[in-house]
Amino acid sequence: MDYGLIGEKLGHSASKEIHEMLADYTYELHPLTREQFTPFMEQKNFRAINVTIPYKQEVIPYLACIDDTAKEIGAVNTIVNRKGKLYGYNTDMPGFIYMVRKNKIEMKEKKVVILGNGGASQAVQAGVKHMKASEIVVVGNRTIKKGVITYDECFDKHSDADIIVNTSPVGMFPNIDASPVDLKHFPKCQAVVDIIANPLTTKLTAKARELGMIGITGLEMLVAQAKYAAEIFLDEKIPESKIDEIYQRLARN
């Protein structure tokens, strides 16, 4: 494999289509079980890859170097093989920032609740911090880590959130009837950002729009992070206009 995506379940991924519209290379979807993951990383039989759930943190021990953004986030979604040494990057954060700004959502001085505490959440937290939110609240479900609260605690103490960002997979295809939270718990909320790219409208964002909030999903982020990853793969610039061009084409489909 020259270029592609690794993760546990990739049946829903639009990454192949996106990358092959961005640049002149073949991009493969390469699902890996937990047992397959270690030999794959040890063999390094690729030129460059993207990484998705659940391996964004697990890849780090295999890397010779990671850039400052990925180091700050603690998660890697882009790896380049340079003469047998693996270099790690994170393009999720700039992809998230692009999407938020493109949709004119202002996070400065706002209270932001982030649902989920996995690898994608780390990138979103860094992005929200970069956009100067006044308070960031991270909510976890299964694994409660330091600085992460439960959903019940969130509903009890943080119902005054201005913006909600879902980084959990709840609501992702094929489980499209699920929603990570009931928005009635957040009467002051102005915008909901769901980084799920498929479906184009999740149950969470549909409810947000019904309640008069901004509600956006993650297809733009997916295209933007792919564009930034392709630039790293090829060591060349791709016009920023390609992001919206590809997003519009995918959204129509």
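Scroll up a little and you will see the structure.
Residues numbered from 1 in each chain as written. Predicted model: local features only at pLDDT ≥ 70, side-chain atom pairs only at ≥ 80, totals over all residues. Heavy atoms only, no water.

1. Concerning the overall build of the chain
Reasoning step 1: Along the backbone of the chain there are nine helices and twelve strands.
Reasoning step 2: The globule rule puts the C-alpha radius of gyration for 253 residues at 18 Å, and the 18 Å found for the chain is close to it.
Reasoning step 3: Seen through its C-alpha atoms, the chain measures out along the principal axes to roughly 55 × 40 × 35 Å.
Reasoning step 4: Within the chain, the proportion of its 253 residues that are buried is 53%. (Helix = DSSP H or I, 4+ residues; strand = E, 2+ residues; numbered from the N terminus. Rg over C-alpha atoms; globule rule 2.2 N^0.38 Å. Buried < 20%, exposed > 50% of the residue type's maximum accessible area, 1.4 Å probe, protein only.)

2. Details of the nonpolar core
Reasoning step 1: If you look at the biggest cluster of nonpolar residues, it comprises 26 residues, and the most contacted ones within it are Ile 18, Leu 22, Tyr 25, Val 223, Phe 233, Ile 246 and Leu 250.
Reasoning step 2: The set of elements that each furnish at least two residues to this core consists of strand E1 (3–7), helix H1 (15–22), helix H8 (219–234) and helix H9 (241–252).
Reasoning step 3: At eight residues, H8 tops the list of elements feeding residues into this core.
Reasoning step 4: Beyond its immediate stretch of four places on either side in the chain, Phe 233 contacts Tyr 3, His 19, Tyr 25, Tyr 27, Ala 48, Ile 49, Asn 50, Thr 78, Ile 79 and Val 80.
Reasoning step 5: Met 93, Val 112, Val 128 and Ala 191 belong to the second largest nonpolar core, which has 25 residues in total. (Core = buried A, V, L, I, M, F, W, Y, C linked by side-chain atoms within 4.5 Å. Contact = heavy atoms within 4.5 Å.)

3. Looking at the sheet that holds strand E11 (residues 191–194)
Reasoning step 1: Sheet architecture is open: six strands sit in the order E9-E8-E7-E10-E11-E12, paired in parallel fashion. Each of the sheet's edge strands pairs with one partner strand only, and the pair in question is strand E9 (148–149) and strand E12 (214–217).
Reasoning step 2: Where strand E10 (residues 163–166) lies against E11, four bridges are found, and the strand directions are parallel. Residue pairing in the sheet places Ile 164 in a bridge with Val 192 of E11. (Pairing = 2+ DSSP bridges.)

4. What about the sheet that holds E1?
Reasoning step 1: The strand order E2-E1-E3-E5-E6-E4 describes an open sheet built from six strands, whose pairing is mixed. Each having just a single partner strand, strand E2 (27–31) and strand E4 (65–66) make up the two edges of the open sheet.
Reasoning step 2: Pairing geometry for E4 and strand E6 (residues 85–89), over two bridges, is parallel. If you follow Cys 65 over to E6, its bridge partner there is Tyr 87.
Reasoning step 3: Running over the sheet, H1 touches E1, E2 and strand E3 (48–51) and is turned about 155° from E2.
Reasoning step 4: Where H8 meets the sheet, it contacts E1, E2, E3, strand E5 (78–82) and E6, and its direction lies at approximately 10° from that of E5. (Axes fitted to C-alpha atoms, helices over the stretch in contact; angles between N-to-C directions.)

5. A few points about unusual backbone geometry
Reasoning step 1: In this structure, Pro 54 follows Ile 53 across a cis peptide bond, with omega equal to 5°.
Reasoning step 2: Residue placement: Pro 54 occurs in the loop between E3 and E4.
Reasoning step 3: A cis amide bond links Phe 173 with the next residue in sequence, Pro 174, at an omega value of 10°.
Reasoning step 4: Structurally, Pro 174 is set in the loop between E10 and E11.
Reasoning step 5: A positive phi angle, near 65°, is found at Glu 109, a position not held by glycine.
Reasoning step 6: Inspection of the secondary structure puts Glu 109 in the loop between helix H4 (92–102) and strand E7 (111–115).
Reasoning step 7: Even without being a glycine, Asp 235 presents a positive backbone phi close to 55°.
Reasoning step 8: Relative to the elements of secondary structure, Asp 235 occurs in the loop between H8 and H9.

Purely geometric stuff here, so don't read any function into it on its own.
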